[in-house]
Amino acid sequence: MKKSGLIYLLSFLSYSLFLLYLSVFTTLYPVVELGAFVLGILSTASFIYQITYIVYLRWKENISLPRSIARFFLYLLISIGLYVIFFYIYVFFAGIYFGFMGNGERYYGFEAWGILNAFCLWLLFIPTAIYAAIYYIVSNKIKKSS
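What you see is a predicted model; the values in this text were computed from it and never measured.

Reading guide: rules and limits
- Residues numbered from 1 in each chain as written.
- Predicted model: local features only at pLDDT ≥ 70, side-chain atom pairs only at ≥ 80, totals over all residues.
- Heavy atoms only, no water.
- Helix = DSSP H or I, 4+ residues; strand = E, 2+ residues; numbered from the N terminus.
- Buried < 20%, exposed > 50% of the residue type's maximum accessible area, 1.4 Å probe, protein only.
- Contact = heavy atoms within 4.5 Å.
- 1 Å grid on protein atoms, 1.4 Å probe; cavity = no way out; pocket = protein on both sides within 12 Å on 5 of 7 lines; lining within 4 Å.
- Points joined across faces, edges and corners; volume = space filled by probe spheres on them.
- Nonpolar A, V, L, I, M, F, W, Y, C, P; charged D, E, K, R; others polar.
- Lys, Arg positive; Asp, Glu negative; His and termini not counted.
- Salt bridge = Lys/Arg side-chain N within 4 Å of Asp/Glu carboxyl O.
- Arc of directions from axis to C-beta.
- pLDDT = per-residue confidence, 0-100.
- Axes fitted to C-alpha atoms, helices over the stretch in contact; angles between N-to-C directions.
- Parallel < 35°, antiparallel > 145°, perpendicular 65-115°, else oblique.
- Left-handed = near helix turned anticlockwise from the far one by under 90°.

## Considering the overall build of the chain
Here comes step 1: For the chain, the helix and strand inventory stands at six helices and two strands.
Here comes step 2: Reading the helices (α) and strands (β) of the chain from amino to carboxyl end gives α-α-α-α-β-β-α-α.
Here comes step 3: The proportion of buried residues among the 146 residues of the chain is 33%.
Here comes step 4: If you take every contact in the chain between residues at least 6 apart in sequence, the share linking residues at least 24 apart comes to 61%.

## Some remarks on the layout of surface pockets
Here comes step 1: In this structure, the second largest pocket occupies an estimated 200 Å³ of space.
Here comes step 2: Every residue lining the second largest pocket is listed: S64, R67, A70, Y131, I134, Y135, V138, S139, I142 and K143.
Here comes step 3: Counting only elements with at least two residues in the lining of the second largest pocket, the list comes to α4 (65–94) and α6 (125–145).
Here comes step 4: At seven residues, α6 tops the list of elements feeding residues into the lining of the second largest pocket.
Here comes step 5: When its residues are assigned to classes, the lining of the second largest pocket shows six nonpolar, two polar and two charged.

## Here we look at the side chain of R58
Here comes step 1: For R58, the position within the fold is in the loop between α3 (32–55) and α4.
Here comes step 2: Despite its burial, R58 pairs with no opposite charge; the closest candidate is E61, at 11 Å N-O.
Here comes step 3: Setting aside chain neighbours within four positions, we find R58 in contact with Y53, I63, S64, L65 and S68.

## A closer look at helix α1 (residues 3–10)
Here comes step 1: When α1 is considered as a whole, its buried residues turn out to be S4, G5 and Y8. Along α1, the residues classed as buried sweep out an arc of 100° about the axis, all on the same side.

## Some points on the confidence of the model for the chain
Here comes step 1: Taken over all residues, the pLDDT of the chain has a mean of 82, while the share at 70 or more is 89%.
Here comes step 2: When the elements of the chain are averaged for pLDDT, strand β1 (residues 96–98) gives the smallest value, 72, and α4 the largest, 87.

## With respect to the packing of α4 against α6
A pair of packed helices is captured by two measures, namely the crossing angle of their axes and the spacing between those axes.
Here comes step 1: Two numbers describe how α4 lies on α6: the axes approach to 9 Å, and their chain directions differ by 150°. Compared by their axis directions, α4 and α6 come out roughly antiparallel. For α4 against α6, the interelement crossing comes out left-handed. Here R67, A70, R71, F73, L74, L77, I78, G81, V84 and I85 of α4 come into contact with α6, specifically with F125, P127, T128, Y131, A132, Y135, Y136, S139 and K143.
Here comes step 2: Each residue belonging to the contact of α4 with α6 can be placed in one class, and the counts come to 13 nonpolar, three polar and three charged.

Right under this line is the structure:
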């Protein structure tokens, strides 16, 4: 993997960080809006680089257009899976506030995970696993046939 491909792979982490930042910190302090703005700009710049990679930079690594588009969706789904993992870790230590206004409680640890599992957030891993399996099966068949 060349330098442009590695930057392409790492650029998808900005989406996970942006989602985590929005879901965790935006309700805490008004100063946090600046961080959301900066991460939004980083995510936008990452998306522009990813489109540039798909259109132009993939030629340097000898990757076809359909394969670069397939990699885009694979990395995007993996970044959403990373967001879920980061969010579960955050909730385990920082807790989750659950209940109606005024009479809710904060839950920590495995109790918080139980509440998150009630929302079936872990189901976001299923499309990622299916798409990753299809991607690797198809790419291995293409490599064997050529």
